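For reference, the chains in residue letters:
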Amino acid sequence: MSWLPIMLLGVPMAGAAALLVPSRMDGPARGRLLRVHGLAVSGVTFVLALVLAVAFDYGDPARVQFETDLTWIAGLDLRFHLGVDGISLPLVVLTALLTFLCFVYLCWGGADSPGQLLRPRAGGNRPRALVFTLLVLEIGMIGTFLALDLLLFFVFFEVVLIPMYFVIAVWGGRARRAAAIKFILYTLLGSVVLLLGLLLIWAQTGTLDMVALAQAHGTGMSRSVQLIAFVAVGIGLAVKTPMWPLHTWLPDAHTEAPTVGSVLLAGVLLKMGTYGFARIAIPVLPDGAVVVAPWLGAFAVIGIIYGSLACLAQRDLKRMIAYSSIGHMGFVLLGFATLNSTGVNAALFGNVAHGLITGLLFFLAGAVKERHGTADMSALGGGMLSRLPHLGSLLTFACIASLGLPGLAGFWGEMLTLLGAFEPAPGLSRPLFLTFMAIGGLGAVLTAAYFLTMLSRVTHGRSVETVVAPVLAGVGGGHAFTTAEDDPAPSGADGSGAPTTGASGSRTEGGGGTRAVAENGDSGEIRAGSGLPGGPRAEDASDLPGGTPGEDRADLPDRTPGEGGGDLPGGTRPEGGSGLPGGARAVRAGGLHDVAGYELAAWVPLVALIVLFGLWPKALLLITDPVVRTFVGAP
């Protein structure tokens, strides 16, 4: 028995259990202790994952290592069976890394830094509950990749749903509850189908041991049983992946989730679905995989094109990145559909690359939204590279990595997937997969198109700093507060002085609230040099439509708690006591700040790994390839 897998689960479990003990410390001391607690527990878990990686025998990655096999429920012959091999090891380390970086992002930095869900806030934002929820989420994510028993895999697979539901529903945006309900309904329904498929495998083979089942290669199950089981298991996994057309929960969940929720959702939770194809569906049900592979490839390429076209139509930065995940996961599924070593290795490589790149993208999108108060690309004003050069450069890097630039990690997964489709496994139609390859190539071109279009609108162009303050519906209308660094005169995108977003410059959002951007001077716009007392700055507004105290309202830059004036409609306070209509707050000219130290600490490791795997893909492929060859029958 190895202690490392048990410790990987036990440390976050003990950390979460410790938070259930009541504390009598005062508020500031309790907040400091909570930050240290979250960093320490996630840090120790990450160190254990690194120890696992260092001690792993890379000479035999196809062998299950650090195995723990204990009796769980003796009457049903259920085992608490844990272990790692070349497929699961990278995902265990990725999960521990992203969780630790999320705590770095949450816990470091001053109390008035953007994105700090752990800072004290009027009405309470439940920081203790957030740390507890993230630690429980980490248990489920790591357990899914360690489990070697089908029922144990299912238990961990389901454990993640409840904490992620609360992360979205409690700390998300305005439409967070609808997004959270949609997420939980889709994933629970998919899990029911997945459970039926796993029980069918158990009934036919008499065992739940994933290692024994993979070695048997479907022995004991007829072709028709394998087909039914593969469809059931595949649907359950496809919901979590997500595969078109079972993807519709994803954009809403990503858009409304807080930054750390989006990072873990894209970086880890989606990988749990694709991991299930490599761990269960393909090796355990090989005959069913051959029958379903053409359909899986067809849905995959539809998802690639659909996701790309949807990205071109998006105005919200986070929503665009969410739709891009559908396209990237389409490449992963296409790799699995080829059923050859090249394609499956490409899928596993793309899994890890997507977790690193999209995790970084959501960190950056969250930072943009927290500084500007909006993720609407037309409202961000362009010119980020001149106003916020470090943030703009990191966003550019993440985008070109995601579009598959050679030399970065995103390139290898897509390129090797298309190469695998060029020569699929025996028994699959080569002309059909050549068609899939061509469609996938078109999707790669469209991926470059939507990322470059986004960069041209956000990071390039004239530098106009826009900060959008949420206001109450029906109280004074929408008001935008902007600072134009390069052009002191109010103007639209064409420099003509026209509103940038139509006649009124506003758009309606959930809950009846409105937001306005870059309107002309008589509609509430405040530019550099306007005579607001005390150099007003943007603060987050509490009790907004569709929201409750305690939700994530830290979406405006440079919040300075405690500076006050009189109350305004909607429960907001302007700094310096200026009375602005609509319950909004003003913005200090040039108030946006570039990347903070704690943000760099959370993002630089991802940048380094994206470059490392882009320049040295062999580091990952040498781990996965021996395992892949054992279950696809390659020499």
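Structural data are supplied above this passage.
In this report, we go over the structure that sits alongside the text. As the structure is a computational prediction, the values presented were derived from the model and not from experiment.

### Description of the overall build of the protein chain
Okay, so step 1: Each helix and strand in the protein chain was counted, giving 20 helices and six strands.
Okay, so step 2: Buried positions account for 60% of the 635 residues belonging to the protein chain.
Okay, so step 3: Across the protein chain, the fraction of contacts at a sequence separation of at least 24, relative to all contacts at a separation of at least 6, is 77%.
Okay, so step 4: Accessible surface for the protein chain amounts to roughly 21,300 Å². Of this, 67% is attributable to carbon and sulfur atoms.

### Things to note about the pairing of strand 2 (residues 78-84)
Okay, so step 1: Within strand 2, five of the seven residues are buried, which leaves the element mostly enclosed by the surrounding structure.
Okay, so step 2: Between the end of strand 1 (residues 65-73) and the start of strand 2, which pair antiparallel, lie four residues, with D77 showing a positive phi angle near 55°.

### Concerning unusual backbone geometry
Okay, so step 1: In the segment running from T241 into P242, the intervening peptide bond is cis, with an omega of -15°.
Okay, so step 2: Relative to the helices and strands, P242 is located in the loop between helix 9 (223-240) and helix 10 (249-256).
Okay, so step 3: The amide bond that connects W244 to the next residue, P245, takes the cis arrangement and shows omega of 5°.
Okay, so step 4: Residue placement: P245 occurs in the loop between helix 9 and helix 10.
Okay, so step 5: One non-glycine residue, F66, lies in the positive phi region at around 50°.
Okay, so step 6: Secondary-structure assignment places F66 in strand 1.
Okay, so step 7: The backbone phi angle of H217 is positive, close to 55°, even though this residue is not glycine.
Okay, so step 8: Positionally, H217 belongs in the loop between helix 8 (210-216) and helix 9.

### Observations concerning the nonpolar core
Okay, so step 1: Counting residues in hydrophobic clusters, the biggest one holds 175 residues, and the most contacted among them are F336, M454 and W603.
Okay, so step 2: Not counting the four nearest positions on each side in its chain, F336 is found in contact with T274, F277, A278, I282, L296, G343, V344, A347 and L348.

### Digging into helix 13 (residues 317-338)
Okay, so step 1: Over its 22 residues, helix 13 extends 32 Å from the first C-alpha to the last, a length consistent with the 32 Å expected when each residue adds 1.5 Å.
Okay, so step 2: In terms of burial, helix 13 is largely enclosed, as 21 of its 22 residues are buried.
Okay, so step 3: For helix 13, the capping residue at the N-terminal end is D316, with a side-chain oxygen 3.0 Å from the backbone nitrogen of K318.
Okay, so step 4: Positioned one or two residues after helix 13, L339 has a phi angle of 60°, which is positive.

### Remarks on a nonpolar patch on the surface
Okay, so step 1: Taken together, the side chains of W72, I73, L76 and V155 make up a nonpolar region of the molecular surface, amounting to roughly 320 Å² of accessible area.
Okay, so step 2: As for its position among the elements, W72 is in strand 1.
Okay, so step 3: Among the residues examined, W72 registers a relative accessible area of 34% and is labelled partly exposed.

### Considerations on the environment of L455
Okay, so step 1: As for its position among the elements, L455 is in helix 18 (residues 430-458).
Okay, so step 2: By relative accessible area, which is 5% here, L455 ends up buried.
Okay, so step 3: With 59 residues separating them along the chain, L455 and T396 place their C-alpha atoms 6.8 Å apart.
Okay, so step 4: Not counting chain neighbours up to four residues away, the residues in contact with L455 comprise L395, T396, C399 and H460.

### Here we look at the side chain of T358
Okay, so step 1: Mapped onto the elements, T358 comes out in helix 14 (residues 341-372).
Okay, so step 2: Residue T358 is classed as buried on the basis of its relative accessible area of 1%.
Okay, so step 3: The residues touching T358, leaving out its near neighbours within four places in the chain, are A266, I321 and S325.

### Some thoughts on the environment of F100
Okay, so step 1: Along the chain, F100 turns up in helix 3 (residues 88-107).
Okay, so step 2: Its relative accessible area of 22% is what places F100 among the partly exposed residues.
Okay, so step 3: Spatially, the C-alpha atoms of F100 and G38 are 8.5 Å apart, while their sequence positions differ by 62 residues.
Okay, so step 4: With residues near it in sequence (within four places) discarded, F100 still touches L39, S42, G43 and F46.

### Overview of the packing of helix 13 against helix 18
Okay, so step 1: Interaxial distance between helix 13 and helix 18 falls to 11 Å at its minimum, and their mutual angle equals 160°. Relative to helix 18, helix 13 is oriented roughly antiparallel. Judged by the sense of rotation from one axis to the other, the crossing of helix 13 with helix 18 is left-handed. Between helix 13 and helix 18, the contacting residues are L317, M320, S324, H328, F331, L334, A337 and T338 on the first element and F433, F436, G440, A444, T447, Y450, F451 and M454 on the second.
Okay, so step 2: Split into classes, the residues belonging to the contact of helix 13 with helix 18 amount to 11 nonpolar, five polar and no charged.

### Structural notes on the side chain of N345
Okay, so step 1: When you line up the elements, N345 lands in helix 14.
Okay, so step 2: When sequence neighbours within four positions are dropped, the list of residues in contact with N345 reads L621, T624, D625 and V628.

### Brief notes about the pattern of salt bridges
Okay, so step 1: According to the stated counting rule, one finds 10 salt bridges in the structure shown.
Okay, so step 2: Among the salt bridges present, the one from D57 reaches R63, with a minimum N-O distance of 3.3 Å.
Okay, so step 3: Given a relative accessible area of 35%, D57 falls into the partly exposed group.
Okay, so step 4: Owing to a relative accessible area of 38%, R63 belongs among the partly exposed residues under this scheme.
Okay, so step 5: Close ionic contact of R79 with D69 constitutes a salt bridge, the shortest N to O distance being 3.0 Å. Of the two residues, R79 sits in strand 2 while D69 sits in strand 1, which places them 10 residues apart along the sequence.
Okay, so step 6: On the basis of relative accessibility, which here comes to 35%, the residue D69 falls in the partly exposed class.

### Brief notes about helix 11 (residues 259-284)
Okay, so step 1: Between its first and last C-alpha atoms helix 11 spans 37 Å; for 26 residues at 1.5 Å apiece the expected length is 38 Å, and the two agree.
Okay, so step 2: Maximum bend of helix 11: about 40°, positioned at L265.
Okay, so step 3: Taken across its 26 residues, helix 11 has 26 buried, putting it largely inside the fold.

### Let's talk about the packing of aromatic side chains
Each pair of aromatic rings is reported with the distance of its centres and the angle of its planes.
Okay, so step 1: Applying the stated rule across the entire model yields 17 aromatic pairs.
Okay, so step 2: Ring geometry for Y105 against F363: centres 5.2 Å apart, planes inclined by 55°, an arrangement best described as tilted. Of this pair, Y105 sits in helix 3 while F363 sits in helix 14, and the two are 258 residues apart along the sequence. Of the two residues examined, Y105 and F363, each falls in the buried class.
Okay, so step 3: Taken together, a centroid distance of 5.2 Å and an interplanar angle of 75° make the contact between Y165 and F166 edge-to-face.
Okay, so step 4: Judged by relative accessible area, which is 24%, Y165 ranks as partly exposed.
Okay, so step 5: Clustering of aromatic rings is evident, with ring pairs tying together Y105, F363, Y598 and W603.
Okay, so step 6: Taking the ring centre of F157 as reference, the NZ or CZ of K240 above it sits at 3.7 Å.
Okay, so step 7: One residue, R430, lies across the ring of F422, its end atom 4.5 Å from the ring centre.

About the thresholds
Starting from 1, residues in each chain are numbered consecutively following that chain's sequence as written. Only residues with pLDDT of at least 70 are given local features in this predicted model, and only at 80 or more are side-chain atom pairs given and counted; all residues enter the totals for whole chains, interfaces and linings. Side-chain calculation: all heavy atoms of the structure are included, whereas hydrogens and water are not. Here a strand is any run of E in DSSP of at least two residues, a helix any run of H or I of at least four, and the numbering for each starts at the N terminus. Think of it in three bands: residues with accessible area under 20% of the maximum for their type are buried, residues over 50% are exposed, and the middle band is partly exposed, with areas taken using a 1.4 Å probe on protein chains only. In this analysis, two residues are considered to be in contact whenever any of their non-hydrogen atoms come within 4.5 Å of each other. Calculation of accessible area relied on Shrake-Rupley with a 1.4 Å probe; when residues are assessed, cover is drawn exclusively from the protein chains displayed. When DSSP finds at least two bridges between two strands, those strands are taken to pair. Definition of nonpolar core: a set of buried residues of the types Ala, Val, Leu, Ile, Met, Phe, Trp, Tyr and Cys, connected through side-chain atoms within 4.5 Å. The span you would expect from a helix comes to 1.5 Å times its residue count less one. Here a polar contact is taken to be a pair of N or O atoms separated by no more than 3.5 Å, where protein atoms must pair a possible hydrogen donor with a possible acceptor and residues adjacent in sequence count only if both atoms sit in side chains. Nonpolar side chains (Val, Leu, Ile, Met, Phe, Trp, Tyr) are joined into patches within 5 Å and like charges within 9 Å, using only residues with over 30% relative accessible area and no salt bridge. Every case where a carboxyl oxygen of Asp or Glu lies within 4 Å of a side-chain nitrogen of Lys or Arg is listed as a salt bridge. Between N-to-C directions, angles span 0 to 180 degrees; the directions come from axes that are lines fitted to C-alpha atoms, helices contributing only their stretch in contact. Relative orientations are named as follows: roughly parallel for angles under 35 degrees, roughly antiparallel for angles over 145 degrees, roughly perpendicular for angles from 65 to 115 degrees, and oblique for any other angle. Helix crossings are classified by the rotation of the near helix relative to the far one: an anticlockwise turn of less than a right angle makes the crossing left-handed, while a clockwise turn makes it right-handed. Residue polarity is assigned by list, with Asp, Glu, Lys and Arg as charged and Ala, Val, Leu, Ile, Met, Phe, Trp, Tyr, Cys and Pro as nonpolar; anything else, Gly included, falls into the polar class. Bend at a residue means the angle formed by two fitted axes: the first through the 7 residues ending at that position, the second through the 7 residues beginning there. The criterion for an aromatic pair is that two Phe, Tyr or Trp rings (for Trp, the six-membered ring) have centres within 6.5 Å, with stacked assigned to planes under 30 degrees apart, edge-to-face to planes over 60 apart and tilted to the rest. By the criterion adopted, a ring carries a charge over it if an Arg CZ or a Lys NZ lies within 6 Å of its centre and within 35 degrees of its normal.

Any functional reading would require information that these geometric values do not contain.
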